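Fold and geometry: a report
Chain residues, written in single-letter form:
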Amino acid sequence: MRTELDRAAWLKGPGHECNVTPPRLLRPWRLVLLGPPGVGKGTQANLLGQRLGACHLSTGDVLRAAKKLPDCDRSPALAAAIESMQRGELVSDEIILNIVRERTGCIRCGGGFLLDGFPRTVNQAEALEAMLKEEHLLFDGVLCYDLPIEEVLARSSGRRVCSHCHGLYHLTAHPPKVAGVCDACGHALVQREDDRPEAARRRLEVYEKTAQPLMEFYRRRNLLLPVTVGAYPEETYKATMGVLLGLMGQCRDY
Ligand code: AMP
């Protein structure tokens, strides 16, 4: 299975191709990861990606990559999206759906997908459902990672991300070998602006408002897959694989 996932087409958008060929799979997994910001969805997506061969597609990563563009290369819509992100608010459905629709190739990819941070509203969920139907793609479900708010805040305040390769770490749950330095590429680890306490709390408030209707949307379709969140990423990963194995045992038409 792929050990390193190349997400050029997802992060940079139309006109870019990934230089890693998706594995030929008997059964590509197509999943959404749902849970409060800071619960560890990104880490799970990375672990699952290596095991399942599916690509970790985060809309937040697309916006953070766009933030690095010079001002003159940002469209007014993208600039507004980045401002909303910095305030810890949701970016409009219109902009997010444009970003995802421009990347339909990633949704169609033979390696499957692990969508993280999308959909975040029922409107986005309906659009994704329509997109999958149009592309005749089977959808496996929504891995749902839930935790009390205070615990999530403690987790996101300890999160650090590599300034170069975007590798994820946590000061206590998943520390780097050398403090402040990425194990994989040796670049500095930083705290994301939206993980700072004020923005983190704001993002959680927004999540609380939007998550329930989204869960209800998927529960009604029998697509919600609750996963028990462990103290360490490996525990949560094992629980996730247990849920996926259970799904394979069911007589679903894959
Ligand atoms: P994330 O890394 O998924 O927590 O996303 C970081 C920020 O990007 C969020 O707080 C939002 O401002 C914005 N964002 C990412 N994905 C979406 C989405 N699907 N809908 C609206 N805003 C989003």
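Provided above is the structure to which this section pertains.
Now for a description of the structure that goes with this document. As the structure is a prediction and not an experimental result, all values here were calculated from the model.

**Some remarks on the overall build of the protein**
- Each helix and strand in the protein was counted, giving ten helices and eight strands.
- Scaling as 2.2 N^0.38, a compact globule of 254 residues should have a C-alpha radius of gyration of about 18 Å, and the protein matches this with 17 Å.
- Principal-axis analysis of the C-alpha atoms gives the protein an extent of 45 × 40 × 40 Å.
- When each of the 254 residues of the protein is scored for burial, the buried share is 50%.

**Focus: the packing of helix α5 (residues 93–101) against helix α7 (residues 122–134)**
- Contact geometry for α5 and α7: axes closest at 10 Å, N-to-C directions at 25 degrees. Taken together, α5 and α7 sit at an angle that is classed as roughly parallel. The two elements α5 and α7 meet at a crossing, and its hand is right-handed. In this structure, α5 contributes D93, I96, L97, V100 and R101 to the contact, and α7 contributes N123, Q124, A127 and M131.
- Of the residues belonging to the contact of α5 with α7, the class tally is five nonpolar, two polar and two charged.

**Brief notes about the pairing of strand β5 (residues 159–162)**
- Every second residue of β5 is oriented toward a common face, with R159 and V161 on one face and R160 and C162 on the other, all of them buried.
- Pairing geometry for β5 and strand β6 (residues 168–170), over three bridges, is antiparallel. The residue of β6 that forms the bridge with R159 is H170.
- Here β5 hands over to β6 after five residues, with H166 in that stretch at a positive phi of 70 degrees.

**Re the site of the ligand**
- Around the ligand, the structure places 16 residues, and the nearest of them are T59, R64, E89, G117 and R203.
- Here G117 contributes a backbone N or O atom positioned 2.8 Å from a nitrogen atom of the ligand.
- Contact between the ligand and R192: an oxygen atom at 3.3 Å from a side-chain N or O atom of the residue.
- Of the residues forming the shell around the ligand, the biggest block, four residues, is contributed by helix α3 (residues 59–67).
- Taken together, the residues that form the shell around the ligand break down as six nonpolar, four polar and six charged.

**Description of the sheet that holds strand β3 (residues 113–116)**
- Taken in spatial order, the five strands make up an open sheet running β2-β3-β1-β4-β8, and their pairing is parallel. Whereas interior strands pair on both sides, the edge strands pair on one side only; in this sheet they are β2 (55–58) and β8 (224–227). Geometrically, the sheet is characterised by an average inter-axis angle of 25 degrees between neighbouring strands, direction not taken into account.
- The sheet contacts of α3 involve β2 and β3, and relative to β2 the element is tilted by about 65 degrees.

**Considerations on the pattern of salt bridges**
- Scanning the model with the defined rule gives 13 salt bridges in all.
- Across the pair D61 and R64 runs a salt bridge whose closest N-O atoms are separated by 3.0 Å. With a gap of three residues between them, D61 and R64 both fall in helix α3, about one helical turn apart.
- Residue D61 is classed as buried on the basis of its relative accessible area, which comes to 15%.

**Some points on helix α2 (residues 41–52)**
- A rise of 1.5 Å per residue sets the reference length of α2, with its twelve residues, at 16 Å; its end C-alpha atoms lie 15 Å apart and thus fit the reference within 8%.
- If you check which residues of α2 are buried, you get K41, G42, Q44, A45, L48, G49 and L52. Taken down its axis, α2 places every buried residue within 155 degrees of arc, on the same side.
- One or two residues past the end of α2 sits G53, with phi positive at roughly 80 degrees.

**A few points about the environment of D116**
- When you line up the elements, D116 lands in strand β3.
- Along the primary structure D116 and G60 are separated by 56 residues, whereas in three dimensions their C-alpha atoms are 8.2 Å apart.
- Those residues in contact with D116 that sit more than four places away from it in its chain are L33, K41, G42, H56, L57, S58 and T59.
- Only 2.8 Å separates the side chain of D116 from the side chain of H56, close enough to count as a polar contact.

What counts as what
Residues numbered from 1 in each chain as written. Predicted model: local features only at pLDDT ≥ 70, side-chain atom pairs only at ≥ 80, totals over all residues. Heavy atoms only, no water. Helix = DSSP H or I, 4+ residues; strand = E, 2+ residues; numbered from the N terminus. Rg over C-alpha atoms; globule rule 2.2 N^0.38 Å. Buried < 20%, exposed > 50% of the residue type's maximum accessible area, 1.4 Å probe, protein only. Axes fitted to C-alpha atoms, helices over the stretch in contact; angles between N-to-C directions. Parallel < 35°, antiparallel > 145°, perpendicular 65-115°, else oblique. Left-handed = near helix turned anticlockwise from the far one by under 90°. Contact = heavy atoms within 4.5 Å. Nonpolar A, V, L, I, M, F, W, Y, C, P; charged D, E, K, R; others polar. Pairing = 2+ DSSP bridges. Near = heavy atom within 4 Å. Polar contact = N/O pair within 3.5 Å; in protein donor to acceptor, adjacent residues only side chain to side chain. Salt bridge = Lys/Arg side-chain N within 4 Å of Asp/Glu carboxyl O. Expected span 1.5 Å × (residues − 1). Arc of directions from axis to C-beta.

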